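Structural characterization, general
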Amino acid sequence: MGESGEKLKQDTKRFVKSIFSRYYSKIARKFIEEPTRIASREFGFNLFDKGIVRHLSFRTKDELIEYLRRNNPSDCYYSSALYINPTASMDAKGWMGAELIFDIDADHIPTNCKVEHDRWLCLSCGCEGVGEAPDKCPNCGGDKLEQRVWFCEGCLIAAKREAMKLLDILSSDFGIREDTVNIYFSGHRGFHIHVSGEVEGLDQNARREIADYLLCVGLDPTIYLDRMIISKGVNGAKLRMIRALYDFISSTSIEGFSAIGLGRRGVEAIVNSRDRILEKVLEGEFDGIAREIGVANLRKLIAKVVEYLAVRIDPVVTLDTHRLIRLPGSLHGKTGFIKARVGSSMESLEDYDPLSEAMPFRNSDEQVKLYVHLSPRFRVGEEYFGPFKDEYVYLPLQPALLLLCKGVAYISS
Amino acid sequence: MALNKGYKFTERDLAKYPFLREAAEYLEEMGVTTKDFDADYFQPVIDRAYLRVVEAIERGIVSLNLDDPRLEIASFPVAILLVKFAGDEFLKRRYALAESLRARELLEGEPSFLIATLASRLGFRVDVKGVYAKLYVIDYIRYASRFHDPRWKLVNRILDEGWVLLSRRELIRLLSEAIQDNLLNILAKPLLSDAKPPRRLEAKLVAIIGMLSDRRAKYGEWTGAEVGFVEDALPPCIKAMYTTLKEGKHLPHIARFTLASFLLNIGLTVDDVVKMFISIPDANERITRYQVEHIAGMRGSMTKYTSPSCSTLKTHGLCLEDERCRGVKHPLIRYRRGIRRVIRIKEGDTVGGERGEA
């Protein structure tokens, strides 16, 4: 692209900055949620020209908003942790606790749509492909490949389903009360669930137990054979296990059972007396199932259905007690969407449409002329846009901002 | 739980669990003060306190002597004082552990209401019913997350509306952890800067410090000595990361951190590690050096990072456990074992039918 390419980049950046600035000076106040005990939090920002600044602190929401207005960051973060000295260096901050955070992102959920909309680009030869980037460019053999992720309704629906699963378990297994839960759209491909209250005092080891419970890491299937434990009733986890086993056993073919490593006798036992086994599953009689198909086979079945039971949180985020997490109400630098509050309940999440509600410029009738390199079809509010490929288009502000933030389009003056 | 509120600890209870607040109140009511240290009648208390500490050092558990409950109660704060004056971190941990083991053995024989009362005193929200108990999940993971047996993992527990089902025995195990923590907190509180040991404690202190240094001479202290890089001794998880790195393939951030901190821990220099990492496709020497120096404790918080434990690696899906990982909780431990094995094999010593791989 040469010199004019550089100018296009600069113009694009200037335009995105001006829109972010408009957000932070005029609109942000009604969306920004200051964290509780704001003065004990560390803040960090990604500034358009100066890179990352952190170890900042604000005494009030007004101070914070004033900073945003003056500095116009591309991304804003606050510490999930509370510190005695939030501006000190890490070892001198004085940790007082941290919200428990769950990050559910389409990145961590296998979805079929990623093959359709995620792309990679070889920085050496310009060769492109779909899905996840290979180790080496098939064209030139270069290993400098850039992954460009997109999101779609499929991704967001998968993330939402995962977040619903999480909320259900937090409530039914952990007994976490709704009034300590805040659900946010992350501004990109997923949801953040923040839990406050007593959990804030938990150390990393204890948080790991929560993460492992959700991800089913270290699950020992034989616990379901312990009569003493099981006779104490059907709780949330066991109920989910029963449902998953029922679904799998009732819907899987002979080949499917063989594929997960069940021996011939085990497969025959299931196929010949499927109804009787399903009945035992429904009654939660795991020792009965073990008698029918053998303990080893039951273990294999449980190991398989765990894939459906696991809630696909990103454990790195949940374990990190010093994490900087995106500030609610701020814009995501890669989309121009808001990290927006959804609510506290499963119902609020069920009805939530991020593509309508996290769009600060959705109702702007401003039209922007862009050169779009490549974009799949996408929705903002009720309207669909694209797909575009190497073309000039006029778009309303919000979808234009998305393409510019994503780096797939240039502003055209 | 409400029933337990009215329970008043007996003298015998306090002798068994002298760390309870009531035990201190009891001594106060008896009029025991620091002035008593110099009186002859106090000598048996000092002797018993000394024995508590000696038992902790030698046997790792403090005995129970209920012949004179008052002696048992009064000797506990004196023992604490001895440990504090000795000013030795190892002894603090050893003593806290030994007292908590004593309490644990005693609790095994107690009725449910007493266990429940003691538990709620330690901040546990618990309901004890016969041989089972229901413990609030936050209290459960706070202590159970320290254990490595899979049966303690929350994922292997019945968890319902915030309550974890566990056996009475398991509850007692967790209580002894909490007791140990409590004692460690007490022992961590510094003495007044001008505090001097009472005359009668001085001889005992000299004896205790002598015992500790004898012990050190005998067993030596584990220093985490640097053993250097032996590729054949690498644990499978680290080996896989190392191979990926050597092939110039992409390594996720957590794997990079694990590998870098592991290599630094076994004694490689920052330069060695930077050289290794520079082969990664997206490596940038300046950034790589900065990050490695950070992990090595030369930047930022100045803390040298220990490489992640097996359980952390499991959580991140990086664990590649094999049969020789049994009983190992940390890749560095597995590596040290591997080193010894490699040395044995090199020396031609055949190991129990195993074939050498060196």
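What counts and what doesn't
- Residues numbered from 1 in each chain as written.
- Chains lettered and ligands numbered in written order.
- Predicted model: local features only at pLDDT ≥ 70, side-chain atom pairs only at ≥ 80, totals over all residues.
- Heavy atoms only, no water.
- Helix = DSSP H or I, 4+ residues; strand = E, 2+ residues; numbered from the N terminus.
- Buried < 20%, exposed > 50% of the residue type's maximum accessible area, 1.4 Å probe, protein only.
- Contact = heavy atoms within 4.5 Å.
- Areas by Shrake-Rupley, 256 points an atom, 1.4 Å probe, with all protein chains shown as cover.
- Pairing = 2+ DSSP bridges.
- 1 Å grid on protein atoms, 1.4 Å probe; cavity = no way out; pocket = protein on both sides within 12 Å on 5 of 7 lines; lining within 4 Å.
- Points joined across faces, edges and corners; volume = space filled by probe spheres on them.
- Nonpolar A, V, L, I, M, F, W, Y, C, P; charged D, E, K, R; others polar.
- Buried area = accessible area lost by both parts, 1.4 Å probe.
- Salt bridge = Lys/Arg side-chain N within 4 Å of Asp/Glu carboxyl O.
- Polar contact = N/O pair within 3.5 Å; in protein donor to acceptor, adjacent residues only side chain to side chain.
- Axes fitted to C-alpha atoms, helices over the stretch in contact; angles between N-to-C directions.
- Left-handed = near helix turned anticlockwise from the far one by under 90°.
- pLDDT = per-residue confidence, 0-100.
- Expected span 1.5 Å × (residues − 1).
- Parallel < 35°, antiparallel > 145°, perpendicular 65-115°, else oblique.
- Patch = residues over 30% accessible without salt bridge, like charges linked within 9 Å, V, L, I, M, F, W, Y side chains within 5 Å.
- Lys, Arg positive; Asp, Glu negative; His and termini not counted.
- Charge placed at Lys NZ, Arg CZ, Asp CG, Glu CD.

**Overview of the overall build of chain B**
Broken down by element type, chain B carries 15 helices and four strands. Within chain B, the proportion of its 358 residues that are buried is 48%. Restricting to contacts in chain B with at least 6 residues of sequence separation, those with at least 24 account for 67%. Counting only carbon and sulfur atoms, one obtains 53% of the accessible surface of chain B, whose full area is about 18400 Å².

**Notes on the pairing of strand β11 (residues 190-195) of chain A**
Among the six residues in β11(A), six count as buried, and that is most of the element. Taking the residues that link successive antiparallel strands as the turn, the strand β10 (residues 181-185) of chain A-β11(A) hairpin has four residues, and the phi of G187(A) there is positive, at about 95°.

**Some words on empty space enclosed by the protein**
Per the stated rule, a full pass over the model turns up two cavities of 30 Å³ or more. Counted as a void, the largest cavity has a volume near 120 Å³. Together, I169(A), Y213(A), L214(A), C216(A), L219(A), Y224(A), A237(A), R240(A), M241(A), L309(A) and V155(B) line the largest cavity. When contributions to the lining of the largest cavity are tallied by element, the ones reaching two or more residues are α5 (204-215) and α7 (236-251) of chain A. The biggest single contributor to the lining of the largest cavity is α7(A), with three residues. Counted by class, the lining of the largest cavity contains ten nonpolar, no polar and one charged residues.

**Focus on the interface of chain A and chain B**
The interface is formed by 34 residues belonging to chain A together with 29 residues belonging to chain B. Taken together, the two surfaces of chain A and chain B that pack against each other cover about 3000 Å², and 60% of this comes from carbon and sulfur. Applying the counting criterion to the chain A and chain B interface returns three salt bridges. In this structure, the salt-bridge partner of E209(A) is K153(B), at a minimum N-O distance of 3.0 Å. Linking chain A with chain B are twelve residue pairs in polar contact (both at pLDDT 80 or more), by the criterion used here. At seven residues, α5(A) tops the list of elements feeding residues into the side of chain A that touches chain B. When grouped by side-chain class, the residues that make up the side of chain A that touches chain B number 16 nonpolar, seven polar and eleven charged.

**Describing the packing of helix α5 (residues 89-108) of chain B against helix α8 (residues 168-188) of chain B**
All names here are of chain B. Relative to each other, α5 and α8 sit at 145°, their axes nearing to 8 Å. α5 and α8 meet at a crossing whose hand is right-handed. Taking contact as the criterion, the partners of K92, R93, Y95, A96, L97, E99, S100, A103, R104, L107 and E108 in α5 are, on α8, R168, R169, I172, R173, L175, S176, I179, Q180, L183, L184 and L187. For the contact of α5 with α8, the per-class residue count stands at eleven nonpolar, three polar and eight charged.

**Details of the sheet that holds strand β4 (residues 163-167) of chain B**
Where strands meet in a sheet, backbone hydrogen bonds hold them as pairs that are either parallel or antiparallel. All names here are of chain B. Strand order in the open sheet formed by four strands is β1-β2-β4-β3, with antiparallel pairing between adjacent strands. Of all the strands in the sheet, the pair left with one neighbour each is β1 (126-129) and β3 (159-160). As defined by bridge partners, β3 adjoins β4 across two bridges and the pair is classed as antiparallel. Looking at the pairing, L159 lines up with V164 of β4. Sheet strands touched by α8: β1, β2 (132-136) and β4. Its angle to β4, the strand with the most contacts, is close to 105°.

**Observations regarding unusual backbone geometry**
Put simply, G386(A) and P387(A) share a cis peptide bond, and its omega is 0°. Here P387(A) shows up in the loop between β16 (383-385) and β17 (388-396).

**Brief notes about the layout of surface pockets**
All names here are of chain B. Estimates place the volume of the second largest pocket at around 740 Å³. Lining the second largest pocket are 35 residues, with H148, C310, S311, K314 and V328 positioned closest to its centre. Ranked by residue count, the leading element in the lining of the second largest pocket is helix α14 (residues 310-315), at five residues.

**Let's talk about the confidence of the model for chain B**
The predicted structure's coordinates, where accompanied by low pLDDT, should not be read in detail. Residue and element names in this part refer to chain B. Residues with a pLDDT of 70 or more make up 87% of chain B, whose mean pLDDT is 83. The least confident element of chain B, judged by mean pLDDT, is helix α13 (residues 285-295) at 77; the most confident is helix α7 (residues 137-144) at 96. Taken together, the stretch residues 220-226 has pLDDT below 50 and engages in seven contacts with residues farther than four places along the chain or on a different chain. Confidence over residues 349-358 falls short of pLDDT 50; this stretch has twelve contacts with residues more than four positions distant or in other chains.

**Some words on α5(A)**
Residue and element names in this part refer to chain A. In this model α5 runs 16 Å from its N-terminal to its C-terminal C-alpha over twelve residues, within 8% of the 16 Å that 1.5 Å per residue would give. Burial within α5 is extensive, with ten of its twelve residues counted as buried. Those residues of α5 not exposed but buried are A206, R207, R208, E209, I210, A211, D212, Y213, L214 and L215. Residue D203 occupies the N-cap position of α5, its side-chain oxygen lying 3.2 Å from the main-chain nitrogen of N205.

**What about the sheet that holds strand β8 (residues 128-130) of chain A?**
Residue and element names in this part refer to chain A. Overall, antiparallel pairing links the three strands, which are arranged β8-β7-β9 in an open sheet. Across the chains shown, the open sheet's two edge strands, defined by having one partner strand only, are β8 and β9 (145-148). Shown here is a sheet whose adjacent strand axes are inclined to one another by a mean of 20°, direction ignored. Bridge count between strand β7 (residues 119-122) and β8: three bridges; the pairing is antiparallel. Looking at β8, one finds that R119 is bridged to V130.

**Observations regarding helix α4 (residues 153-172) of chain A**
A rise of 1.5 Å per residue sets the reference length of α4(A), with its 20 residues, at 28 Å; its end C-alpha atoms lie 28 Å apart and thus fit the reference within 8%. Those residues of α4(A) that fall on the buried side of the exposure criterion are C155(A), L156(A), A158(A), A159(A), K160(A), E162(A), A163(A), M164(A), L166(A), L167(A), I169(A) and L170(A).

**Section: the packing of α7(B) against α8(B)**
Residue and element names in this part refer to chain B. Closest axis-to-axis distance for the α7/α8 pair is 9 Å, and the angle between their directions is 70°. On the basis of their axis angle, the class for α7 and α8 is roughly perpendicular. Contacts between α7 and α8 involve Y140, Y143 and A144 on the former and, on the latter, L174, E177, A178 and D181.

**Focus on the side chain of R157(B)**
Residues and elements named next belong to chain B. Inspection of the secondary structure puts R157 in the loop between α7 and β3. On the accessibility criterion, R157 (7% relative accessible area) is buried. Only 3.0 Å separates the side chain of R157 from the backbone oxygen of R151, close enough to count as a polar contact. In terms of polar contacts, R157 uses its side chain to reach the backbone carbonyl oxygen of L165, at 3.4 Å. Sequence-distant contacts of R157, that is, excluding residues within four places in its chain, are made with Y140, R151, W152, V164, L165, L166 and E170.

**Focus: a negative patch on the surface**
Judged by side-chain charge, E178(A), E347(A), E350(A), D351(A) and E357(A) come together as a negatively charged surface patch. In this fold, E347(A) is placed in helix α14 (residues 346-350).

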